[in-house]
Amino acid sequence: MHQSFLLAGFGGQGVMFAGQLLAYAAMDEGLEVTWIPSYGPEMRGGTAHCYVVISDKKIGSPIVNNPDVVLAFNNPSFTKYEYLVATGGLLASNASLITQQSQRADITHLPVPATDIADEIGNLRLMNVIMLGAVVTAHGVLPLNSIKRALEGHLPAHRRDMLADNYTALERGAAFTSELFPVK
Amino acid sequence: MAKELLKGNVAIAEAALRAGLEAYFGYPITPQTELLEHLSRRMIQLNRVFLQAESEVASINMVYGAASAGVRTMTSSSSPGISLMQEGFSYIAASDVPCVVVDIMRGGPGLGNIQPSQGDYFQVTRSAGHGDYHPIVLAPASVQEAIDFTVLAFDLADKYRHLVMVAADGQIGQMMEPAELPPMRPIRAERPEWALTGAKDREKNIITSLFMQPEEEEAFNQQIQARLKVIKKNEQRWYEYLTEDADLLVIGFGTAGRIAYSAVEAAREKGLKVGLLRPQTLWPFPEDRLSELADQIRGCLVVEMNAGQMIDDVRLAVSGQVPVSFYGRMGGMIPMPDDILTAIEETLTRLYSAAGLPI
């Protein structure tokens, strides 16, 4: 098992933290993992991305040409990374903000109205965790509970009051995927 | 201790203070800044010295002073900042005082950019300052190695009274991996006997880099060279993977070395006889092992994030026994496993056809 994830969006959308939650969850499951951000002159409103590689073997490169899974949080990310998704891979998009449609027939599409769901829960910033809940459920390598534990363990102290909302966000994302791809 | 998900820069900082770092002097620069940031908080918590100097020139001279007083000390920077420290490195080397310098290399030359690079291999291995010496240079390829080599750096610095550099790049500095930190060591209770601690009731110690008489300077240089000879004998370190039956040996350090690992795995899946040698010390270069391996391989492929610098050391070590090829990226570009795999296939094809063997 060797799976690579690319998460991309505007600075401030929680790209880095969503990637770190994946990484913490993988580590806690006893897997090898790397997380690496784009770094430098990124800022709120600019674009940012990070790569997460999860494997049951030693990881060489933490960066890949063709990620197995792309999580696009905004239009520019979708435009830039849609064509990079590995054949047979998963392209998850925040359909509330992304107006484009992918023409690729060789990958699975997962358009999640994540910002709308976040709005229903009452906090737009939960978008990243909703996306993560949807992706983890569709992807199947990590159990949803491992992300929950990662949230519990690593949500910063000044955001602890949002733990319950984050759980809700995770479950709403997971439920969206389950409805889209019902288990036969 | 349990594994934690740690960023390279933070891991190096925490490892340094657990290794008994008493005084840190530095100046911020991307992609190294988290190292300084972490220490700015932790060193104060532990009632140790953290000082953000006015420049890299000041930082390294503060390190020189602290090291002369027998204090476990370090600084860290990235390529342009390391250039500014050159004079200080040379004075430190000429004064036989131990200290640790971390270089999280970025794209150059000049102000360059802030992306990962290995463009400063020559700078760190050839002298890191004027005069006839080499620092010991450790090159981690993972967050765990960054931790382990930081602790090792302090021990080697003390053991040889020598300048030790940990040379990584922006990727190692910025990435997070599960890694285990060492236990907290107590701060050293006593100062070394050569240290400047006040000469009341004892003969004075003198730390200087000035030897006006050429005879005296030559004798001092001979001492340095004798020490370097011992270091060269004792401290060559490397990581080796699937070399037993390898026709082609891929050689890379740090980030390029770990990406080459992925390429070697992919090549093996295709049934190609390829192995990896990843130098963990850049000086001393693991020339003894490479020289042995040169007897059993058909060729080398050197992979670096520069225009080809370590390749000189590879050529010296294999001493014409086998051809040496090169694949590199520059300016903050990172080679991808697929690109290295292509270079592996091309090199093997050349080697086999030159030997008249089927591909």
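Residues numbered from 1 in each chain as written. Chains lettered and ligands numbered in written order. Predicted model: local features only at pLDDT ≥ 70, side-chain atom pairs only at ≥ 80, totals over all residues. Heavy atoms only, no water.

K.L.:
For the overall build of chain A, give the residues involved together with the corresponding values.
P.N.:
Across its full length, chain A carries 6 helices and 6 strands. Scanning chain A from its N terminus toward the C terminus, one meets helices and strands in the order β-α-β-β-β-α-β-β-α-α-α-α. Taking the principal axes of its C-alpha atoms as reference, chain A extends roughly 45 × 40 × 35 Å. In chain A, which comprises 184 residues, the share counted as buried stands at 54%. Partitioning the intrachain contacts of chain A with sequence separation of at least 6 by distance along the chain shows that 56% fall at a separation of at least 24. Carbon and sulfur atoms make up 52% of the accessible area of chain A, which amounts to about 7900 Å² in all. (Helix = DSSP H or I, 4+ residues; strand = E, 2+ residues; numbered from the N terminus. Buried < 20%, exposed > 50% of the residue type's maximum accessible area, 1.4 Å probe, protein only. Contact = heavy atoms within 4.5 Å. Areas by Shrake-Rupley, 256 points an atom, 1.4 Å probe, with all protein chains shown as cover.)

K.L.:
Please provide a residue-by-residue account of the sheet that holds strand β5 (residues 99-105) of chain B, values included.
P.N.:
Residues and elements named next belong to chain B. Ordered by their spatial adjacency, 7 strands build an open sheet running β3-β2-β4-β5-β7-β6-β12, and the pairing between neighbours is mixed. With partners counted over all chains shown, the strands left at the sheet margins are β3 (49-52) and β12 (281-283), one partner each. Each strand axis lies, on average, 20° off the axis of its neighbour in the sheet, ignoring direction. Strands β2 (23-26), β3, β4 (73-77) and β5 of the sheet are contacted by helix α3 (residues 56-68), whose axis makes an angle of about 165° with β4. (Pairing = 2+ DSSP bridges. Axes fitted to C-alpha atoms, helices over the stretch in contact; angles between N-to-C directions.)

K.L.:
Can you break down helix α11 (residues 287-294) of chain B residue by residue, with the values?
P.N.:
Residues and elements named next belong to chain B. When α11 is considered as a whole, its buried residues turn out to be R289, L290, L293 and A294. Along the long axis of α11, the arc covered by the buried residues comes to 145°, so they all point the same way. In this structure, the buried residues of α11 make contact with β9 (238-241), β10 (248-251), β11 (274-279) and α12 (310-318). (Arc of directions from axis to C-beta.)

K.L.:
Describe the interface of chain A and chain B, listing the residues and the values that go with them.
P.N.:
Each partner contributes to the interface: chain A provides 21 residues, whereas chain B provides 26 residues. Of the roughly 1900 Å² buried where chain A meets chain B, counting both sides, 63% is carbon and sulfur surface. It is M27, Y39 and K58 of chain A in chain A that bury the most area against chain B; as a group they hold 33% of the surface buried on that side. Applying the counting criterion to the chain A and chain B interface returns 0 salt bridges. (Buried area = accessible area lost by both parts, 1.4 Å probe. Salt bridge = Lys/Arg side-chain N within 4 Å of Asp/Glu carboxyl O.)

By themselves, these observations are geometric and do not establish any function.
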